[in-house]
Amino acid sequence: MAFVFILEQVLNGLLVGAYYLLIALGLSLIFSLGGIVNLAHGAFYAVGAYLAVTLAPRIGFAGAFVASPILVALLGVTVERLFFRRFYRSDPILSLLLTFGLAMIIEQSLRMIFGAAPLPFSIPPALRGQVFVGDFIYPRYRLIIFGVALAAVTATWFLVYRTAFGRVVRAGVQNPDMVGALGISLQPYMTAIAAIGIGLAGLAGVLLAPISGVHPAMGAEILTAAFVVVVIGGLGSFWGVIAAAALVGVVRGLTIYFFPPAGEASMYLLMALVLLLRPRGLLGERIQKFE
Amino acid sequence: MAHSDDLTRRTLLKGAAGATALAGLGMPAIVKAQSDVIRIGHLTPITGFLGPLGEFAQMGVQLAAEEINAAGGVLGRKVELVMEDSVNPQTASAKAERLIERDKVAMIIGEISSASALAIGQVANRTKTVFINTGANSDALRGESCNPFMFHIEAANSMMVRSVGTYLKDENMIQGKKWYSLTADYAFGHDLFKVAKKFVSDNGGEFIGEELVPTDATDFSPYLLKIRQAQPDVVASNLAGNQITNFIKQYAEYGLQFPITGFGFDTAVAWGAGQGNFSGIWPLIWHHMVDTPSSRKYVEAFTKKYGKPPENQSWGDYNSLKIVAQSFDELKSPDPQKLAEHLRKGAKFDILKNREGYFRPYDNQMVQEMYAVRAKEPEKMANQWDIYEPLGAVPGANDDLEVLAPPKDGTCKIQA
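The rules behind each value
Residues numbered from 1 in each chain as written. Chains lettered and ligands numbered in written order. Predicted model: local features only at pLDDT ≥ 70, side-chain atom pairs only at ≥ 80, totals over all residues. Contact = placed C-beta atoms within 7 Å. Helix = DSSP H or I, 4+ residues; strand = E, 2+ residues; numbered from the N terminus. Nonpolar A, V, L, I, M, F, W, Y, C, P; charged D, E, K, R; others polar. pLDDT = per-residue confidence, 0-100. Pairing = 2+ DSSP bridges. Axes fitted to C-alpha atoms, helices over the stretch in contact; angles between N-to-C directions. Buried ≥ 20, exposed ≤ 12 C-beta atoms within 10 Å, placed from the backbone. Expected span 1.5 Å × (residues − 1). Arc of directions from axis to C-beta. Domains from an automatic or database assignment. Right-handed = clockwise from strand over helix to strand, strands pointing away.

1. Some points on the interface of chain B and chain A
Taken together, the contact between chain B and chain A spans 41 residues of the former and 34 residues of the latter. Mapped by element, the contributors of at least two residues to the side of chain B that touches chain A are α2 (51-70), β7 (206-213), α7 (221-230), α8 (242-253) and α9 (267-271) of chain B. Examining the composition of the side of chain B that touches chain A, we find that seven residues originate from one element, α7(B), more than from any other. Of the residues in the side of chain B that touches chain A, the class split is 15 nonpolar, 17 polar and nine charged.

2. So, the confidence of the model for chain A
If pLDDT is low for a region, its predicted coordinates should not be looked at in detail. Averaged over every residue, the pLDDT of chain A is 92; the share at 70 or more is 98%. Mean pLDDT across the elements of chain A ranges from a minimum in helix α5 (residues 164-174) of chain A, with 89, to a maximum in helix α2 (residues 41-82) of chain A, with 97.

3. Examining the sheet that holds strand β1 (residues 37-44) of chain B
All names here are of chain B. Here we have five strands laid out as an open sheet, ordered β2-β1-β3-β4-β5, and parallel in their pairing. The two strands at the open ends of the sheet, each matched to only one other strand, are β2 (78-85) and β5 (150-152). Between one strand axis and the next, the sheet turns by 25 degrees as a mean value, whatever way the strands run. Against the sheet, α2 touches β1, β2 and β3 (108-110), its axis set at about 170 degrees to β2. The strands that helix α4 (residues 114-127) touches are β1, β3, β4 (131-133) and β5; relative to β4, the one it contacts most, it runs at about 160 degrees.

4. Side note on the pairing of strand β6 (residues 178-184) of chain B
Residue and element names in this part refer to chain B. The buried count for β6 comes to six of seven residues, which makes it a mostly enclosed element. As paired strands, β6 and β7 are joined by seven bridges and run parallel to one another. From the neighbouring strand, alanine 184 faces β7, where its bridge partner is valine 213. In terms of strand pairing, β6 meets strand β8 (residues 234-238) through five bridges, oriented parallel. Counterpart to tyrosine 180 in the pairing with β8 is valine 235.

5. Overview of helix α3 (residues 89-101) of chain B
All names here are of chain B. An ideal rise of 1.5 Å per residue puts 18 Å on 13 residues; α3 measures up with 18 Å between its terminal C-alpha atoms. For α3, the set of buried residues is Ala92, Lys95, Ala96, Leu99 and Ile100. End-on view of α3: buried residues confined to an arc of 135 degrees, all on one side of the axis. Looking at α3, the residues exposed on the side facing more than 90 degrees away from the buried face are Gln90 and Glu101.

6. Here's the deal with the sheet that holds strand β11 (residues 348-349) of chain B
All names here are of chain B. Strand order in the open sheet formed by three strands is β11-β12-β13, with antiparallel pairing between adjacent strands. The outermost strands of the open sheet, each flanked by one partner alone, are β11 and β13 (366-367). As paired strands, β11 and strand β12 (residues 357-359) are joined by two bridges and run antiparallel to one another. Residue pairing for β12: phenylalanine 349 is matched across the bridge by glycine 357.

7. Side note on the domain arrangement of chain B
All names here are of chain B. Entries for chain B in the domain assignment read domain 1 (34-155 + 290-368) and domain 2 (158-284 + 371-394). If you average the C-alpha positions of domain 1 and of domain 2, the two centres end up 28 Å apart. Counting residues at the interface gives 19 residues for domain 1 and 19 residues for domain 2. Secondary structure elements with two or more residues in the side of domain 1 that touches domain 2: α2, α4 and α11 (312-331). Looking at the side of domain 1 that touches domain 2, the element that brings in the most residues is α2, giving three residues.

8. Topic: the pairing of β1(B)
All names here are of chain B. Among the eight residues in β1, six count as buried, and that is most of the element. Both β1 and β2 contribute to a ladder of eight bridges, which runs parallel. Across the sheet, isoleucine 40 pairs through a bridge with leucine 81, a residue of β2. This β-α-β element, β1 to α2 to β2, shows right-handed connectivity. Pairing of β1 with β3, which is carried by three bridges, proceeds in the parallel orientation. By the bridge assignment, histidine 42 is partnered in β3 with isoleucine 109.

9. Some details on helix α12 (residues 336-344) of chain B
Residue and element names in this part refer to chain B. Of the residues making up α12, those classed as buried are Pro336, Leu339, Ala340, His342 and Leu343. Buried residues in α12, looked at end-on, bunch into an arc of 165 degrees, giving them a common side. Those residues of α12 hidden inside the fold are in contact with β5, α11 and β12. Residue glycine 346 follows α12 closely and has a positive phi angle near 90 degrees.

Put into structure tokens, the structure is as follows:
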């Protein structure tokens, strides 16, 4: 019987992996392609959630699901043009300080506009309910999150690895000067990458708002976990983030099964272990400017 | 060269003029403040996972100050609040000292975290300044950590447990039942679980699962699967702050049907859960449906000012300031020593409940009525604030108020 329960935790862990993947994917994208350590990623996630709460009563959950990631992406464009742009080539510590400040400004703005108390928000009635596979239970909404995460990953992969756009971006990561010498301006590409990365944070915010508390500090709550996933996966590695998210989900689930107080600590231990064995992360690539 | 020289001189002149203007404005304000206002320090977490409650605390204390000043102030002087974010125990301690030494506050109100309340309590004791704790529940603050200058209008954990416990017994949810609990993994949770476990065991219930949940956990699904496997009769939450919001949202998501209860609770976290997510029976020190004349008046004034009803945290800070104002008036002096003596002598106060409350001299705990509420069916909720129905007040009208208070086990040595 214990084996069945453990198996159930493993499968659920994969589902939870989608949750971690959603919050880490955009972060990884901006990190590996722009070299920006975006500490404001959690804040953009929170903005996505607050937009969902504000928009859903007017245009429905489906409308908010489409509109808020786009609005957050537009916010991303603004932030890139005003701030990120100046820091691609400077010491990462500068962009770190910049985004840390941004995170505090956004969190405090949310607090001033919406108040500190969590805002009520639920799963839309049509998406409620559970699916039973044998005796295993899967909330329908988590399966939807899983599906959306898969779609987001596939679309991002296609864009970065199978289009002309992606080729320029990847070349820019390795050698921006050479890309410039070939007569290609990297700036619009980087704006697009920031928009996609930050838009993905907004998407995570909309999707997770129905199952977690919507309050100003919700971004800070998930930020560390998102970083852990990116670091375990390895810089610049697309598949690494996916593997890391699944791994964190499963390891955390099993830890909670056997020794719950270490539930959250398990991902940090995992990170320490991975970094000891593979300092660049599970599937990390060698990127000149980060060495 | 001359040009730039000129600019510098002009800038300098402007600066000097500005400084003079500021000084002119600032100086008299401070002199005035010292002579005819009474300053009260308010120190509570505004950021972090207790921030949502801290915001209600500030709203409550500000409303009280407004009402007091509108009615002519205290001893003919206006009340002026000095409000700060307590952040964590170290900051709380430093800010408490600053409020007392620099801002010369007459006393301090606030706090929600038990660890920070302990730190402020120590400063209060050392400086002989009254501190009224409005939100920290740990029994230890009323036990080995008690001191003559720290007062508690907030209920102790054991009071919360006994109030909801009374109703759980009525509903036949304890005797012979299997319990599964989730507990916030820090001082408050451990303290609460200890008291809750004793109560449940003493009344014939049994814990088949006791999980500690780190305060940074946002996904509860692995815990929910374990609960489902264990098939308990009752699921009990000893969680705190935003944890409760996340937990009840995901409990509803997984569609688990075991009845929920909890021993620590704040209305704000349930308001924040959303339609169809909140369920169970929960304890409260006060709620906006308590039906007494003073309570109705308070709810009306609060709703008018802030556009939403007050919750239990704003109750504590509102009443604390009212108690202090009333005491200073009765004493005809804002002297902290006299205030402490007055409160410890058993002065009674209208705290928006049926029966008046008083601080008992054993541990400075306010002895008072407590409440429990039951979540409403989603279809019966009139609006987003209407999420539960009151189950009544404990102790019963003819019982001694002190039956709920923590046992006088001799760990608090104020009187010795």
